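Observations on chain architecture
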Amino acid sequence: MFDEGGAKWTDPGSVKAATTLRGWADKGYLGSGFNGESKDQAVANFAAGKSLFLVDGTWQAAVLEPKMKTNVGFTALSPAAGQPPLTQGGEGLAWAMTSKSKHPDVAAAYINFLVDSNGMKVLADNGNLPALPQADYKPATGTVDADILAQWKAVSEKDGLLPYLDYTTPTFYDTLTAAVQELTAGQLTPQAFGARLQSDYAQFQQGS
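Since the structure is predicted, the reported quantities are computational estimates derived from the model, not experimental observations.

1. A look at the nonpolar core
In globular proteins that are soluble, nonpolar side chains generally tend to be buried together. Counting 10 residues, the largest nonpolar core is built from Trp 9, Ala 18, Phe 172, Leu 176, Ala 179, Leu 183, Leu 188, Phe 193, Leu 197 and Tyr 201. The contact partners of Leu 176, leaving out residues within four places of it in the chain, are Leu 165, Phe 193 and Leu 197. Of all hydrophobic cores here, the second largest spans 8 residues; its members include Val 43, Ala 61, Val 144 and Ile 148.

2. A short note on the packing of helix 2 (residues 39-47) against helix 3 (residues 61-68)
Two elements in contact, helix 2 and helix 3, have axes whose closest approach is 10 Å; the angle formed by their N-to-C orientations is 30 degrees. In terms of axis orientation, helix 2 runs roughly parallel to helix 3. Remark: the crossing between helix 2 and helix 3 carries right-handed chirality. Across the interface between the two elements, Val 43, Phe 46 and Ala 47 from helix 2 touch Val 63, Leu 64, Lys 67 and Met 68 from helix 3.

3. A look at the confidence of the model for the protein chain
This prediction gives the protein chain a mean pLDDT of 91; 99% of its residues lie at or above 70. At the low end of the mean pLDDT range in the protein chain sits helix 5 (residues 117-125), at 88; at the high end sits helix 7 (residues 172-184), at 97.

4. Quick look at helix 6 (residues 144-157)
Under the 1.5 Å per step criterion, the end-to-end length of helix 6 is 20 Å for 14 residues, consistent within 8% with the ideal 20 Å. Among the residues of helix 6, Val 144, Ala 146, Ile 148, Leu 149, Gln 151, Trp 152 and Val 155 are the ones counted as buried. Here the buried face of helix 6 lies against helix 3, strand 1 (87-88) and strand 2 (161-162). At the exit of helix 6 stands Asp 159, carrying a positive phi of roughly 55 degrees.

5. Things to note about the packing of aromatic side chains
Applying the stated criterion across every chain, the model contains 4 aromatic pairs. Here Trp 9 and Phe 172 contribute two aromatic rings whose centre-to-centre distance is 5.2 Å and whose plane-to-plane angle is 35 degrees, an arrangement assigned as tilted. With Trp 9 in the segment before helix 1 (12-26) and Phe 172 in helix 7, this residue pair connects regions lying 163 residues apart in the sequence. An identical accessibility class is assigned to Trp 9 and Phe 172; each is buried. Each ring, one from Trp 95 and one from Tyr 110, has its centre 6.1 Å from the other, and the planes form 80 degrees; the classification is edge-to-face. On the criterion of sequence distance, the pair formed by Trp 95 in the loop between strand 1 and helix 4 (104-115) and Tyr 110 in helix 4 is long-range, its members being 15 residues apart. Ring-pair connections join several aromatic residues into one group, and the members of that group are Trp 95, Tyr 110 and Phe 113.

6. Some thoughts on helix 2
Buried within helix 2 are the following residues: Ala 42, Val 43 and Phe 46. The buried residues of helix 2 occupy one face: seen down the axis, they fall within an arc of 95 degrees. Those residues of helix 2 that are buried lie in contact with helix 3. Gly 49 sits one or two residues past helix 2 and shows a positive phi near 80 degrees.

7. Let's talk about the pattern of salt bridges
Tallied over the entire structure, the rule returns 3 salt bridges. Arg 22 is the partner of Asp 26 in a salt bridge, and the nearest nitrogen-oxygen pair spans 3.5 Å. Of the two residues, Asp 26 and Arg 22 both sit in helix 1, 4 residues apart, roughly one turn of that helix. Its salt-bridge partner being Glu 182, residue Arg 196 comes within 3.2 Å of it at the nearest N-O pair. Of the two residues, Arg 196 is situated in helix 8 (residues 190-207) and Glu 182 in helix 7; the sequence distance between them amounts to 14 residues. The exposure class assigned to Arg 196 is partly exposed, which follows from its relative accessible area of 31%.

Cut-offs and rules
- Residues numbered from 1 in each chain as written.
- Predicted model: local features only at pLDDT ≥ 70, side-chain atom pairs only at ≥ 80, totals over all residues.
- Heavy atoms only, no water.
- Core = buried A, V, L, I, M, F, W, Y, C linked by side-chain atoms within 4.5 Å.
- Buried < 20%, exposed > 50% of the residue type's maximum accessible area, 1.4 Å probe, protein only.
- Contact = heavy atoms within 4.5 Å.
- Axes fitted to C-alpha atoms, helices over the stretch in contact; angles between N-to-C directions.
- Helix = DSSP H or I, 4+ residues; strand = E, 2+ residues; numbered from the N terminus.
- Parallel < 35°, antiparallel > 145°, perpendicular 65-115°, else oblique.
- Left-handed = near helix turned anticlockwise from the far one by under 90°.
- pLDDT = per-residue confidence, 0-100.
- Expected span 1.5 Å × (residues − 1).
- Phe/Tyr/Trp six-rings, centres within 6.5 Å; stacked < 30°, edge-to-face > 60°.
- Arc of directions from axis to C-beta.
- Salt bridge = Lys/Arg side-chain N within 4 Å of Asp/Glu carboxyl O.

Quick look at the structure:
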């Protein structure tokens, strides 16, 4: 994603990750018919107790907590035992205004309304993780919101927040999601999976 150190999607780390995911699929860990299940279906099944884990973002807390109460928790994954957590994510979408705006002061006031301390409070009050939690923001112990805040601090303190993988190129989301489906369906080997992603990246570099 950062184009640093000559890293490639065909490197051993990427192939190992793909091999692990393929292994989960081969062993039945992902459940029956997982490649044909929508995200909404996966969330609903998890809330109904039909799966043990849901790999998704913090935004699902607002959906799951009302249904599961204290029977749902949250964690950020670590690359190996004893290592600090790493996770993909972002601090919301960037807000900007065009230099040709006829009302720049109004636009600036609106952006400020969204991201100031009160905006952060509104996010927290509605079950979202504020990028800059207020000092007095302390979710009730034993709730998924408390888990999320603790994990957010753990990730942030170790500089473990990584951009979403699809930020790599403008077409990478489609390439990645299709390749993951083919990998887990047994239609791509881990090596071919990495090569597919690297090809997308190489094409973008040639065109930039």
